[in-house]
Amino acid sequence: MLMLGVILVAACGDDDISDATGGTVVSDDTASGSGSSSGVATVSTPDFDSFSIAQSTAATGETATTPSSRSKSVTITFNSDGTATSSDEGLASVSGQAVTANTADVNYILTGSTAEGSSAAFNYKGTGDCTITLNGVNVNTTAKAIGATKGGNVELVVAEGTTNTIISTAKKSIEVGDDTEGEEISSKLDIYGTGVLNITSEAKGAISSTDAMTINPGVVLNITLNEGATGKKGLKSDTSIDFKGGRTTVINNAPAEWDDTESDYSAATCVKAPTINVSGGTVQCKATGNGGKGMRADNTMTISDGTVEVVTTGSNLVRYNNADKVVSMSQLDSYSNYEDANPKGIHVGDKDTGVGNLTVNGGTVKVKVANSEGIESKRYINVTGGTVMSYAGDDAINAGISSENNRGNAYAGKGEIAISGGTVYAYSTDNDAIDANGTISISGGVVLASGNTAPEGGIDCDQSEFAITGGYVIGLGGDTSTPTESSCTQSSLITSATMSKGDYLTLQVGGTTVLKAEMPRAYSNGTMLISAPQMKKGTSYAIYKGSSSLASGTLSSSAYVNGSSSGGMGGGGTMPGGGNMPGGR
């Protein structure tokens with residue numbers, strides 16, 4: 001579902017431009033002037049109004065990865081009368097509805113249905129590897145439905161053509177490995193198949209592993225965490241989660257939980273691990289609880305392909321007078337000395353260690369957050385390809401730790417955002433669209449950043465370096481950081497602009513149309529930063545809103561020019577780089 005399109009076409013007219021990337025093509029009649037339109041970058045506004053997350057049982061259509069073959073198999077059948085049976089008691093023994101197995105290199109096949117509130121459980125206590133196949137099993141239990149906590153790696157197979165349901169009130173629905181303090185046992189979990197697994201967790205978590213977790217092509221996971229418990233996790237690994245395919249949808253309705261031992265919040269998170277990789281498939285996360293997050297990687301997150309969609313709707317929590325206090329974004333600064341839990345969409349890194357590296361090399365990322373940052377990394381954000389769309393109440397895209405109210409953090413002001421390819425759309429309703437508490441570098445790709453009115457802006461890097469050496473850039477807001485002259489090889493223009501939502505902006509350089517963009521919101525005397533690879537010192541430029549001229553003149557600097565909203569300044573004027581415009585932040 002690609003709502004933002006970028007088309008780079010050389011040596012052809014607009015009639016030859018096709019919607020190759022699923023975006024919207026802007027036709028000739030939206031541009032002004034008589035210039036050529038070859039080599040046009042076209043940006044349309046994504047649809048966030050109807051953007052939502054919902055679970056589906058539809059097949060993915062992917063070719064499934066084949067799991068390991070096992071030397072033996074046994075079928076365990078759960079029954080609605082409170083019993084269970086095993087086809088081989090020597091491999092899997094039964095006591096009531098509790099099934100215990102110890103033998104490695106076996107495929108344990110689970111099937112059948114239980115009554116509500118049963119004690120059904122399958123526990124693998126071997127130390128070697130095994131396979132657990134879900135073949136139309138429907139379990140409603142007060143116990144942990146599936147456990148493998150003694151050291152064996154597990155391949156969980158969701159059988160083709162089956163729908164499987166687990167409803168559990170235990171602390172975890174499926175647990176591989178043991179993360180009990182002092183008793184840690186490391187185990188990997190690989191999930192295969194082309195069937196559907198629906199999990200509803202009434203307690204703390206749905207699926208966890210102490211070692212790497214991998215979701216392979218074809219499998220459909222639908223996870224719901226109900227509001228009852230706090231600090232819940234949908235998918236959780238102590239090392240890494242790799243999404244190689246399939247469709248994973250996690251809806252987490254729980255709020256964050258205060259931890260007295262750590263004196264901090266444990267967020268209710270849809271997907272959490274130190275390292276998260278997405279190389280295929282679809283990952284969808286929706287967090288509705290206060291302080292609840294979509295995806296959290298403690299160290300690194302890399303997205304190279306596939307689709308990532310995140311929505312959060314909860315409010316912020318602050319620990320005040322030993323109680324949870326719900327506060328709005330505008331109230332957070334008043335509680336800057338207190339621990340808080342923020343409902344961020346994608347969160348990478350740790351403020352206490354200064355780590356955090358988010359890289360997008362491909363795929364599609366779409367994030368909508370009501371009351372916090374959309375996409376945040378505590379240190380680095382690198383976009384080399386793909387499409388990134390973030391709509392947020394606070395900063396849409398943020399890197400680093402703020403120098404304000406940082407409680408003496410040694411890593412404050414050291415964030416870095418680097419965009420060298422792909423398309424980036426950032427929209428903030430109340431703050432900056434793209435905000436680096438540190439440096440910003442744009443060397444390629446297409447960027448449209450729409451921030452709030454002054455003192456907020458489209459692109460903000462405080463007083464740090466802002467380098468533009470390539471790419472198409474539009475920054476809109478009440479203010480902007482200015483490019484650093486000594487670091488730029490591509491000219492930029494800063495001008496005031498009044499526009500309405502849906503207006504089309506056209507940039508011509510040397511009489512040639514090079515950039516068209518649909519305006520995502522209205523501005524009255526807003527500030528616009530615009531740059532394109534064709535903008536070089538000595539070339540003429542013209543910016544149009546529909547048929548009305550916003551600015552025109554000749555670029556007199558290799559860094560940026562202060563434009564005019566009344567038809568241009570001729571040669572323009574140069575302002576010192578490396579900060580904001582006078583009167584800005």
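Residues numbered from 1 in each chain as written. Predicted model: local features only at pLDDT ≥ 70, side-chain atom pairs only at ≥ 80, totals over all residues. Heavy atoms only, no water.

Turning our attention to the overall build of the chain. Check the secondary structure of the chain and you find zero helices and 49 strands. For the chain, the residues scored as buried account for 57% of the 585 residues in total. At a minimum sequence separation of 6, the contacts of the chain that also span at least 24 residues come to 68%. Carbon and sulfur atoms make up 43% of the accessible area of the chain, which totals about 20700 Å². (Helix = DSSP H or I, 4+ residues; strand = E, 2+ residues; numbered from the N terminus. Buried < 20%, exposed > 50% of the residue type's maximum accessible area, 1.4 Å probe, protein only. Contact = heavy atoms within 4.5 Å. Areas by Shrake-Rupley, 256 points an atom, 1.4 Å probe, with all protein chains shown as cover.)

Let us now look at the pairing of strand β43 (residues 492-499). For β43, the buried fraction is high: six of the eight residues fall into the buried class. Pairing between β43 and strand β46 (residues 523-531): seven bridges, direction antiparallel. Among the inter-strand pairings, Met499 is bridged to a residue of β46, identified as Tyr523. (Pairing = 2+ DSSP bridges.)

Predicted confidence across the chain gives a mean pLDDT of 87, with 86% of residues reaching 70 or more. Across residues 564-585, where pLDDT falls below 50, the model places 74 contacts with residues more than four positions away in sequence or in other chains. (pLDDT = per-residue confidence, 0-100.)

Further remarks concern the packing of aromatic side chains. Applying the stated criterion across every chain yields a total of 10 aromatic pairs. On the basis of an interplanar angle of 80 degrees and a centroid distance of 5.1 Å, the ring pair of Trp258 and Tyr265 is categorised as edge-to-face. Chaining the aromatic ring pairs together yields one cluster made of Phe48, Phe51, Tyr391, Tyr425 and Tyr427. Sitting over the face of the ring of Phe48, Lys366 holds its NZ or CZ atom 5.0 Å from the ring centroid. (Phe/Tyr/Trp six-rings, centres within 6.5 Å; stacked < 30°, edge-to-face > 60°. Lys NZ or Arg CZ within 6 Å of the ring centre and 35° of its normal.)

Summed over the entire model, instances satisfying the criterion amount to 12 salt bridges. Its salt-bridge partner being Glu155, residue Arg70 comes within 3.9 Å of it at the nearest N-O pair. Of this pair, Arg70 sits in the loop between β1 (41-43) and β2 (72-78) while Glu155 sits in strand β10 (residues 154-158), and the two are 85 residues apart along the sequence. In this structure Glu155 comes out as buried when scored by relative accessible area, which is 9%. In this structure, the salt-bridge partner of Asp298 is Arg296, at a minimum N-O distance of 3.3 Å. On the basis of relative accessibility, which here comes to 16%, the residue Arg296 falls in the buried class. In this structure, a network of salt bridges that share partners links the residues Lys344, Glu373, Glu376 and Lys378. (Salt bridge = Lys/Arg side-chain N within 4 Å of Asp/Glu carboxyl O.)

What follows deals with the sheet that holds strand β44 (residues 504-509). Here we have five strands laid out as an open sheet, ordered β1-β45-β44-β47-β48, and mixed in their pairing. With partners counted over all chains shown, the strands left at the sheet margins are β1 and β48 (548-554), one partner each. When strand polarity is set aside, the average angle formed by the axes of neighbouring strands in this sheet is 15 degrees. In this structure, β44 lies alongside strand β45 (residues 512-518), joined through six bridges in antiparallel fashion. Within the sheet, the bridge partner assigned to Thr506 lies in β45 and is Lys516. (Axes fitted to C-alpha atoms, helices over the stretch in contact; angles between N-to-C directions.)

Right, let's get into the environment of Thr300. Tracing the sequence through the fold places Thr300 in strand β25 (residues 293-303). For the pair formed by Thr300 and His347, sequence separation is 47 residues and the distance between their alpha carbons is 9.8 Å. A distance of 3.5 Å separates the side chain of Thr300 from the side chain of Thr275, its partner in a polar contact. (Polar contact = N/O pair within 3.5 Å; in protein donor to acceptor, adjacent residues only side chain to side chain.)

Sheet architecture is open: three strands sit in the order β28-β27-β29, paired in antiparallel fashion. Strands with a single pairing partner mark the edges of an open sheet, and in this sheet they are β28 (323-327) and β29 (340-341). Bridge count between strand β27 (residues 316-320) and β29: two bridges; the pairing is antiparallel. Bridge pairing in β29 links Val318 to Asp340.

For the rest of this paragraph, the subject is unusual backbone geometry. The omega angle of the peptide bond from Ala454 to Pro455 is 10 degrees, so this bond is cis rather than trans. Assignment of secondary structure puts Pro455 in the loop between β40 (438-450) and β41 (459-460). Of note in the backbone geometry, Asn322 takes a positive phi value of approximately 60 degrees without being a glycine. Inspection of the secondary structure assignment puts Asn322 in the loop between β27 and β28.

What follows covers the pairing of β48. Looking at chain direction, strand β47 (residues 540-545) and β48 are connected through six bridges and run antiparallel. Following the sheet pairing, Lys545 is matched in β48 by Ser548. Linkage of β47 to β48, two consecutive antiparallel strands, is achieved through a turn of two residues, within which Gly546 is found at a positive phi near 65 degrees.

Further remarks concern the nonpolar core. Ranked by size, the top nonpolar core spans 92 residues in total, and within it Tyr108, Phe122, Ile146, Ile207, Phe243, Met295 and Ile346 carry the most contacts. Excluding anything up to four places from it in sequence, Met295 contacts Phe243, Thr269, Val271, Ile276, Val283, Cys285, Met301, Val308, Val310, Gly345, Ile346 and His347. By size, the runner-up hydrophobic cluster in this structure holds 34 residues, among which are Phe48, Ile53, Met389 and Tyr472. (Core = buried A, V, L, I, M, F, W, Y, C linked by side-chain atoms within 4.5 Å.)

What follows is about the side chain of Thr224. Tracing the backbone through its elements, the reader meets Thr224 in strand β17 (residues 220-225). Looking at Thr224, its side chain comes within polar contact range of the side chain of Gln55, at 3.1 Å.

Next up on the list: the state of the cysteines. Disulfides are covalent bonds that link the sulfur atoms of two cysteine residues. With the rule as written, the count across this model stands at zero disulfides. Of the cysteine sulfurs around Cys285, a residue in no disulfide, the closest is that of Cys270, at 4.6 Å. Since its relative accessible area comes to 0%, Cys285 is described here as buried. (Disulfide = S-S within 2.5 Å.)

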